[in-house]
Amino acid sequence: MSVVPVYKRILLKLSGEALMGDDTHGINRAVIERIVREIGEVVGLGIQVAVVIGGGNIFRGVAPAAEGMDRATADYMGMLATVMNAMALQDAMKRSGLDCRVQSALNLEQVAEPFIRGKALRYLEDGKVVIFAAGTGNPFFTTDTAAALRGVEMDAEVVIKATKVDGVYTADPKLDPAAVRYQKVSFDEAISKNFKVMDATALTLCRDQRLPIIVFSIFKHDALKRVVMGEDEGTLVHCY
Ligand code: UDP
């Protein structure tokens, strides 16, 4: 087992749902504080952390609440939801003593800096956590694709995707007790078998840029730390 982290720079994708815990919507304070604590531990190991935050706990362009709406308008609302989550996350990070910045892909200068790649890279080098809000800034995309995009732009070594399950399984573990977790799957397998690790746009971007993805459970205590230490946690989606 490694005693030093296997990564220097990671891109952590947190869905909006990760922030709501067992609630039906919104942000659960205890959950966000625990997530921030775990991110803080990883920062404490000397790892540079960039975060892409989703908005599904508040609004999604494809949610029933958006039915009948103009899709692009609904997607902009979804992107604004991610900004609210980013602000909540930044607030929790600040209160726990973590130095962090929010950069938004939509111009909202009263509440967040605009996305500027060079500045974000400098923040990371200075040990600050950078939270990317408003996805890619474009409708018809997801924050998974934003994670792939920012991961590549930030030269991250891995995209670590926080989900509710601790990896990719041979079958739905809730329905099939014989389901086993894959330690590794190739991008091609994840795409062709439609494993729903991330959407296809995000997966192909990561595959083409040779940026691996690790899927892990954010609800499993200390799992993020185990991932960055290279322990057998979650599922690695890789190029070979
Ligand atoms: N969204 C978008 N473009 C992006 C990223 C997000 O239009 O680049 C919108 C889209 O409507 C999406 C919503 O923002 O449904 C929230 O993002 P997402 O569903 O990815 O959040 P998560 O599932 O991670 O909470």
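Residues numbered from 1 in each chain as written. Predicted model: local features only at pLDDT ≥ 70, side-chain atom pairs only at ≥ 80, totals over all residues. Heavy atoms only, no water.

- Looking at an unreviewed UniProt entry, one finds the protein named Uridylate kinase, with Candidatus Nitrotoga fabula as its source organism.
- You can read under Subcellular location (unreviewed entry) in the UniProt record for the protein the words "Cytoplasm". (UniProt positions renumbered as here; feature names shortened; annotations may be inferred.)

1. Description of the site of the ligand
Link 1 in the chain: The environment of the ligand is formed by 20 residues, the closest being Arg-60, Asp-75, Thr-136, Asn-138 and Thr-143.
Link 2 in the chain: One of the backbone nitrogen or oxygen atoms of Gly-78 is found 3.5 Å away from an oxygen atom of the ligand.
Link 3 in the chain: Contacts to the ligand include Thr-143, whose side-chain N or O atom sits 2.5 Å from an oxygen atom.
Link 4 in the chain: Within the complex, the protein chains bury 94% of what would otherwise be the 520 Å² of accessible surface of the ligand.
Link 5 in the chain: The element that contributes the greatest number of residues to the shell around the ligand is helix 3 (residues 71–95), accounting for three residues.
Link 6 in the chain: Of the residues belonging to the shell around the ligand, the class tally is five nonpolar, 12 polar and three charged. (Near = heavy atom within 4 Å. Polar contact = N/O pair within 3.5 Å; in protein donor to acceptor, adjacent residues only side chain to side chain. Areas by Shrake-Rupley, 256 points an atom, 1.4 Å probe, with all protein chains shown as cover. Helix = DSSP H or I, 4+ residues; strand = E, 2+ residues; numbered from the N terminus. Nonpolar A, V, L, I, M, F, W, Y, C, P; charged D, E, K, R; others polar.)

2. Comments concerning the packing of helix 2 (residues 29–44) against helix 3
Link 1 in the chain: At their nearest, the axes of helix 2 and helix 3 sit 9 Å apart, and the two run at 60° to each other. Between helix 2 and helix 3, the angle falls in the class oblique. The handedness of the crossing between helix 2 and helix 3 comes out as right-handed. Contacts between helix 2 and helix 3 involve Arg-29, Ile-32, Glu-33, Val-36 and Ile-39 on the former and, on the latter, Ala-88, Leu-89, Asp-91, Ala-92, Met-93 and Arg-95.
Link 2 in the chain: Its residues assigned to classes, the contact of helix 2 with helix 3 comprises seven nonpolar, no polar and four charged. (Axes fitted to C-alpha atoms, helices over the stretch in contact; angles between N-to-C directions. Parallel < 35°, antiparallel > 145°, perpendicular 65-115°, else oblique. Left-handed = near helix turned anticlockwise from the far one by under 90°. Contact = heavy atoms within 4.5 Å.)

3. A short note on the sheet that holds strand 3 (residues 100–104)
Link 1 in the chain: Ordered by their spatial adjacency, nine strands build an open sheet running 4-3-5-2-1-6-8-9-7, and the pairing between neighbours is mixed. For this open sheet the edge positions go to strand 4 (113–114) and strand 7 (184–186), each flanked by a neighbour on one side alone.
Link 2 in the chain: Sheet topology note: the strand 7/strand 9 (residues 235–238) ladder contains three bridges and is parallel. Along strand 9, the bridge assignment pairs Lys-184 with Leu-236.
Link 3 in the chain: Packing against the sheet, helix 3 makes contact with strand 1 (9–14), strand 2 (48–53), strand 3 and strand 5 (129–133), and its axis sits at approximately 160° to strand 5. (Pairing = 2+ DSSP bridges.)

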